[in-house]
Amino acid sequence: MNFKAYLNTISNRARSLPVVILYVTEGCNLKCVTCSYRKPMPGELSFEEITVLAESLKQFGLRHIVYSGGEPLLRRDFPEISGLFQNTGIKQTLLTNGLLLEKRLPELQNVFSEIIVSIDGADADTHNRIRGVNSFDIIIAGISAAVSAGENVSIRTVLQKQNYRALPEFITMARYAGVKRISFLAADVSSEAYGRDSIAHKLDQKGTIENESAIALNPDETAELRSIINEMAVKNKRDFDNGFISESPEKLLGFADYYDALRGVGRFPNTLCNAPMVSLVITSTGDVHPCFFLPAFTNVRNTPFPLAANTESIKQIRKSVRTYEPHECKRCVCTLYTSPRNALADKF
Ligand code: SF4
Ligand code: SF4
């Protein structure tokens, strides 16, 4: 029973912080069209600072840490960082582009409850075009090595203009790769996530990204996507039912609605989210965000945890998220909802 987490879901004050997404670096070795992370940010948190942060998070009820970035495996001391949370009962998930997975696997075996690898093409050409680097074969080899080593590996794909027609082929590819499941996201094209924040650009740490119309589907394409999904709902029923495809057909159809709404056709799909009540995102320089998409409200260097979890501004943000006031919430592509019942049952 996690009574503190339960109270989080019904109020604007955090009694604990069950989930943290930690960007261990904002440097990346790929050049995706949807994201401008390239070089590490100046002044990223040192291992000593992360050690202090880890201790305060553990004391504040951390249950699950998700490593993201940037590319976490670029950081040489990443095994030491994940080691701070080992043998504590805290679940660890790695989000990676997979380019260094095979190389670094020996240092990182039996650490993660899940390794989620991003692949944006069901074939090498599409993936390499979207990700800006010839990386498909290396990533598939990394997945294969991790699966052979007994790791729980899954694939995550951003469904976008260049790859939506291959949706059925992604399922075949995931099956051949031997992963446990495949999940999909629509492309976020409008928030400050994925390195689109102005400070990062001013610091010239970032690459260029494609504009919205090169990523988002147009209404003809969303019509085609809907018919592909409707066919899959029948053909791949078992994959949907047993969770091999993480999203339901209805959720995938919501991606078409989202892309239509971006072009002013129809409404954005309804979101159900209480991410800032149970989780926070900490960037490589210590900025603390309510979620992937909302702007930072403090920095751990000025305001350490547990104080950072209950500043006046984050309490106000939690209040506004309850009624989906922020414009980012109205068009959000990656929500997180933990029901009070699951929070009480400590399911994070
Ligand atoms: S989306 Fe991920 S893999 Fe692609 S450039 Fe951004 S951080 Fe790197
Ligand atoms: S709906 Fe999206 S933008 Fe709003 S709080 Fe949830 S994750 Fe953040």
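As the structure is a computational prediction, the values presented were derived from the model and not from experiment.

J.: Before we move on, can you summarise the site of ligand 2 with the specific residues and values?
T.: Near ligand 2 there are 15 residues, and of these Cys-273, Cys-291, Glu-328, Cys-329 and Cys-332 occur at the shortest range. For the shell around ligand 2, the secondary structure elements donating two or more residues are helix 13 (275–278) and helix 15 (327–330).

J.: Got a sec to walk through the packing of helix 10 (residues 219–235) against helix 12 (residues 249–262)? Specific residues and values, please.
T.: Interhelical geometry of helix 10 versus helix 12 gives an angle of 175° and a closest axis separation of 9 Å. Looking at the two axes, helix 10 sits roughly antiparallel to helix 12. Touching Pro-219, Thr-222, Leu-225, Arg-226, Ile-229, Met-232 and Ala-233 of helix 10 are Pro-249, Leu-252, Leu-253, Ala-256, Tyr-259 and Asp-260, all from helix 12. Its residues assigned to classes, the contact of helix 10 with helix 12 shows ten nonpolar, one polar and two charged.

J.: Account for helix 6 (residues 136–148), naming residues and giving values.
T.: The periodicity of an α-helix, 3.6 residues per turn, causes residues three or four places apart in sequence to face the same way. Relative to the 18 Å expected for 13 residues at 1.5 Å per residue, helix 6 spans 18 Å between its end C-alpha atoms, a close match to the ideal helical length. All of the buried residues in helix 6 are Phe-136, Ile-139, Gly-142, Ile-143 and Ala-146. Take helix 6 and look down its axis: the buried residues cluster within an arc of 125°, on one side only. Exposed and facing more than 90 degrees away from the buried side of helix 6 are Asp-137 and Ser-148. For helix 6, the secondary structure elements touched by its buried residues are helix 4 (101–104), strand 4 (114–118), helix 5 (124–131), strand 5 (153–159) and helix 7 (167–177).

So, how was this worked out
- Residues numbered from 1 in each chain as written.
- Chains lettered and ligands numbered in written order.
- Predicted model: local features only at pLDDT ≥ 70, side-chain atom pairs only at ≥ 80, totals over all residues.
- Near = placed C-beta within 6 Å.
- Helix = DSSP H or I, 4+ residues; strand = E, 2+ residues; numbered from the N terminus.
- Axes fitted to C-alpha atoms, helices over the stretch in contact; angles between N-to-C directions.
- Parallel < 35°, antiparallel > 145°, perpendicular 65-115°, else oblique.
- Contact = placed C-beta atoms within 7 Å.
- Nonpolar A, V, L, I, M, F, W, Y, C, P; charged D, E, K, R; others polar.
- Expected span 1.5 Å × (residues − 1).
- Buried ≥ 20, exposed ≤ 12 C-beta atoms within 10 Å, placed from the backbone.
- Arc of directions from axis to C-beta.

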